[in-house]
Amino acid sequence: MQKLIIILLLTVISCTTPKEKGFTINGITSGLSDSTKIYLSNRGKPLDSTIVLDDKFTFSGKIDREFEKMTIHTEKYEHFRSLWVENSIMSFDASTSFEDSEIKGSRIQLQANEYIQLTSPLKKEMKSLYEKGKKVEKSEIKDLKVKYFALQKEKKKVEQKFIRDHPDYELSAYYLDFLKHHLDKETTRTLYSNFTDKVKNNEWSKAIAFFLENAVKLKVGDKAPDFKLPMMNGKEVALSDYKGKYVLLDFWSSGCGPCRREHPNLRKAYNKYNKEGFEILAVTLDKTKSKWNKAVQKDSISWTTVGDLEGFSGKVPLTYSIFKIPTNY
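The structure contained in this document is the topic of the report that follows. (Residues numbered from 1 in each chain as written. Predicted model: local features only at pLDDT ≥ 70, side-chain atom pairs only at ≥ 80, totals over all residues. Heavy atoms only, no water.)

### Focus on the packing of aromatic side chains
Phase 1 of the analysis: On inspection of all chains with the given rule, the structure shows 21 aromatic pairs.
Phase 2 of the analysis: When the centroid spacing of 5.9 Å and the interplanar angle of 75° are considered together, the rings of Phe67 and Trp84 count as edge-to-face. With Phe67 in the loop between β4 (56-61) and β5 (68-74) and Trp84 in strand β6 (residues 80-85), this residue pair connects regions lying 17 residues apart in the sequence.
Phase 3 of the analysis: With relative accessibility at 11%, the residue Phe67 sits in the buried group.
Phase 4 of the analysis: Its relative accessible area of 5% is what places Trp84 among the buried residues. (Phe/Tyr/Trp six-rings, centres within 6.5 Å; stacked < 30°, edge-to-face > 60°. Helix = DSSP H or I, 4+ residues; strand = E, 2+ residues; numbered from the N terminus. Buried < 20%, exposed > 50% of the residue type's maximum accessible area, 1.4 Å probe, protein only.)

Given below as C-alpha cells:
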C-alpha cells in the first residue's frame, strides 16, 4: 500500500511539470509609482496586464509553444523590454532600468542575453551617433555617417560570429533570418549549413532555407516570379492574372507609416490610369486579418490586396527578397 502511494505521488509530480503549469514572471522595477499599469504583449497584442505595487509585479499564463517572444511595457511604451518566455518560473529585474533589465529562468533568454552582451556596446554607440546627428551642422553629418556605417559593419561581423559559434542555439536561426538580406547568399548558406538538425527544423531556419532556394534580386528587364495569394475573402489571385496590364506590385502593411502615407498618391494614380490598363497588386505583410481589413477600409483602398498573414516570412516576400517596406516594382 505504501509503495502504491509513492507511485501515485510520483505520477502526480510527473504530470505537473513547469510546461503543464505554464509560466510565471516575477518583476522588480524602480521609480514606477504604485498602480502603474504594466502590460505583457505578444506581437503587439496585449495578452495580460497588471499593476506595480512596492516596485513589484507578476504575470502568469501558459504558452502552447516551447518558447515565445513577448514584450513587457508600460501603457505608452515609455518603458519596455522584449524577452523570451518559456513555461517556467522567470525573473525580470528592471531595478536599474527596463532597457538593462536582467532576465533569468528561460533557456532561450540566456541565448539572447549572450547575443545582447556582444552587440549592445555597438548598438549604444550607433544610437549615440544617431542622436548626435540630430544636433550637429550639416557639414558634420558626413563624418558621423562614416562612423555609423563602420559600426554597422562591425555589428554584422559580431552577429555572424555569434551564429557561427552557436550552431546549436535556436536563436542563431532567428538572428540569421534577419541578417540574410545583408549577406551574400553563400555566407548565409554556410552559416545555415552548420546548424544542428534541431535548429534547422525551426520556423526561422525553414524561412532561410526557402530564401536560399528561391529568392531573387530583380533588375530592370527581369521577369517577375509568378505567385498566387488569397484576398481577404479567400479568393486567390495570381500575378499572371494581370498579363498584358501595367502592374505596380506593392509590398506594404497596416503598421507601416510610410506605406500608409503613400496610399493617397496610389489612389490618385489608380483612379487616373486604371481605365488605360494600370493595376495595383498590393501584398500585405500583416499577420492579422483584422488589421489588414481596417487599413483597407480606412485608406479607401479600391485596388486588389492579397496576403498569407505570414509577414516577412511569407513565401512571396522571401522570393522577392523583401526586408523593408514600402517596396514596389
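### Describing unusual backbone geometry
Phase 1 of the analysis: For the peptide bond that leads from Ile325 to Pro326, omega is 0°, which places it in the cis range.
Phase 2 of the analysis: Assignment of secondary structure puts Pro326 in the loop between α11 (315-319) and β14 (327-328).
Phase 3 of the analysis: A positive phi angle, near 60°, is found at Tyr77, a position not held by glycine.
Phase 4 of the analysis: Here Tyr77 is to be found in the loop between β5 and β6.

### Focus: the packing of helix α4 (residues 138-165) against helix α5 (residues 170-179)
Phase 1 of the analysis: Relative to each other, α4 and α5 sit at 145°, their axes nearing to 9 Å. Relative to α5, α4 is oriented so that their crossing is left-handed. Packed against α4, whose contacting residues are Lys156, Glu159, Gln160, Phe162 and Ile163, the element α5 presents Ser172, Tyr175, Leu176 and Leu179 at the interface.
Phase 2 of the analysis: In terms of residue class, the contact of α4 with α5 is made up of five nonpolar, two polar and two charged. (Axes fitted to C-alpha atoms, helices over the stretch in contact; angles between N-to-C directions. Left-handed = near helix turned anticlockwise from the far one by under 90°. Contact = heavy atoms within 4.5 Å. Nonpolar A, V, L, I, M, F, W, Y, C, P; charged D, E, K, R; others polar.)

### Focus on the pattern of salt bridges
For side chains bearing opposite charge, pairing can occur when the charged atoms are close.
Phase 1 of the analysis: Under the definition given, this model contains 15 salt bridges.
Phase 2 of the analysis: Among the salt bridges present, the one from Glu170 reaches Arg107, with a minimum N-O distance of 2.9 Å. A residue pair is termed long-range when its members are at least 10 positions apart, and Glu170 in helix α5 and Arg107 in helix α3 (residues 107-133) qualify at 63 residues.
Phase 3 of the analysis: Relative accessible area serves as the criterion here: at 5%, Glu170 is assigned to the buried category.
Phase 4 of the analysis: Put simply, Lys155 and Glu159 hold a salt bridge, and the shortest N to O gap is 2.7 Å. Placement of the pair is Lys155 and Glu159 together in helix α4, with a separation of four residues, close to one helical turn.
Phase 5 of the analysis: With a relative accessible area of 17%, Lys155 lands in the buried category.
Phase 6 of the analysis: Overlapping salt bridges, with partners in common, bring together Arg43, Arg65, Glu68 and Glu203 in one network. (Salt bridge = Lys/Arg side-chain N within 4 Å of Asp/Glu carboxyl O.)

### Remarks on the side chain of Asn87
Phase 1 of the analysis: Tracing the backbone through its elements, the reader meets Asn87 in the loop between β6 and β7 (89-93).
Phase 2 of the analysis: Of the polar contacts made by the side chain of Asn87, one reaches the backbone oxygen of Ile63; its length is 2.9 Å. (Polar contact = N/O pair within 3.5 Å; in protein donor to acceptor, adjacent residues only side chain to side chain.)

### Things to note about the layout of surface pockets
Phase 1 of the analysis: Estimates place the volume of the second largest pocket at around 430 Å³.
Phase 2 of the analysis: Per-class residue counts for the lining of the second largest pocket are eight nonpolar, three polar and six charged. (1 Å grid on protein atoms, 1.4 Å probe; cavity = no way out; pocket = protein on both sides within 12 Å on 5 of 7 lines; lining within 4 Å. Points joined across faces, edges and corners; volume = space filled by probe spheres on them.)

### Thoughts on α5
Phase 1 of the analysis: Most of α5 is tucked away: nine of the 10 residues are buried.
Phase 2 of the analysis: Every buried residue belonging to α5 is among Glu170, Leu171, Ser172, Ala173, Tyr174, Tyr175, Leu176, Asp177 and Leu179, and all of these are buried.

### Digging into helix α6 (residues 185-193)
Because an α-helix completes one turn every 3.6 residues, residues spaced three or four positions apart along the sequence face the same direction.
Phase 1 of the analysis: Taken together, the buried positions of α6 are occupied by Thr188, Leu191 and Tyr192. An end-on view of α6 places all buried positions within 100° of arc, on one side of the element.
Phase 2 of the analysis: Buried residues in α6 make contact with α4, α5, α7 (197-200) and α8 (203-214).
Phase 3 of the analysis: Between the side-chain oxygen of the N-cap and the backbone nitrogen of Glu186 there are 3.2 Å, and the N-cap of α6 in question is Asp184. (Arc of directions from axis to C-beta.)

### Details of the environment of Thr327
Phase 1 of the analysis: Relative to the helices and strands, Thr327 is located in strand β14.
Phase 2 of the analysis: Relative accessible area serves as the criterion here: at 18%, Thr327 is assigned to the buried category.
Phase 3 of the analysis: The spatial distance from the C-alpha of Thr327 to the C-alpha of Lys161 is 30 Å, given a sequence separation of 166 residues.
Phase 4 of the analysis: Within the structure, the side chain of Thr327 is placed 2.6 Å from the backbone oxygen of Lys324, a separation counted as a polar contact.

### Description of the state of the cysteines
Phase 1 of the analysis: Summed over the entire model, instances satisfying the criterion amount to one disulfide.
Phase 2 of the analysis: For Cys256, the disulfide goes to Cys259, at an S-S distance of 2.2 Å. Taking the sign of the torsion about the S-S bond as the criterion, the disulfide between Cys256 and Cys259, at about 80°, is right-handed.
Phase 3 of the analysis: With relative accessibility at 7%, the residue Cys256 sits in the buried group.
Phase 4 of the analysis: Relative accessible area serves as the criterion here: at 3%, Cys259 is assigned to the buried category. (Disulfide = S-S within 2.5 Å.)

### Comments concerning the sheet that holds strand β8 (residues 102-104)
Phase 1 of the analysis: If you trace the four strands from one edge of the open sheet to the other, you get β4-β1-β7-β8, paired in mixed fashion. What marks the edges here is a single partner per strand, and that holds for β4 and β8. Across the sheet, the mean angle from the axis of one strand to that of its neighbour is 15°, orientation sign disregarded.
Phase 2 of the analysis: Pairing between strand β1 (residues 23-28) and β4: six bridges, direction antiparallel. Bridge pairing in β4 places Phe23 opposite Gly61. (Pairing = 2+ DSSP bridges.)

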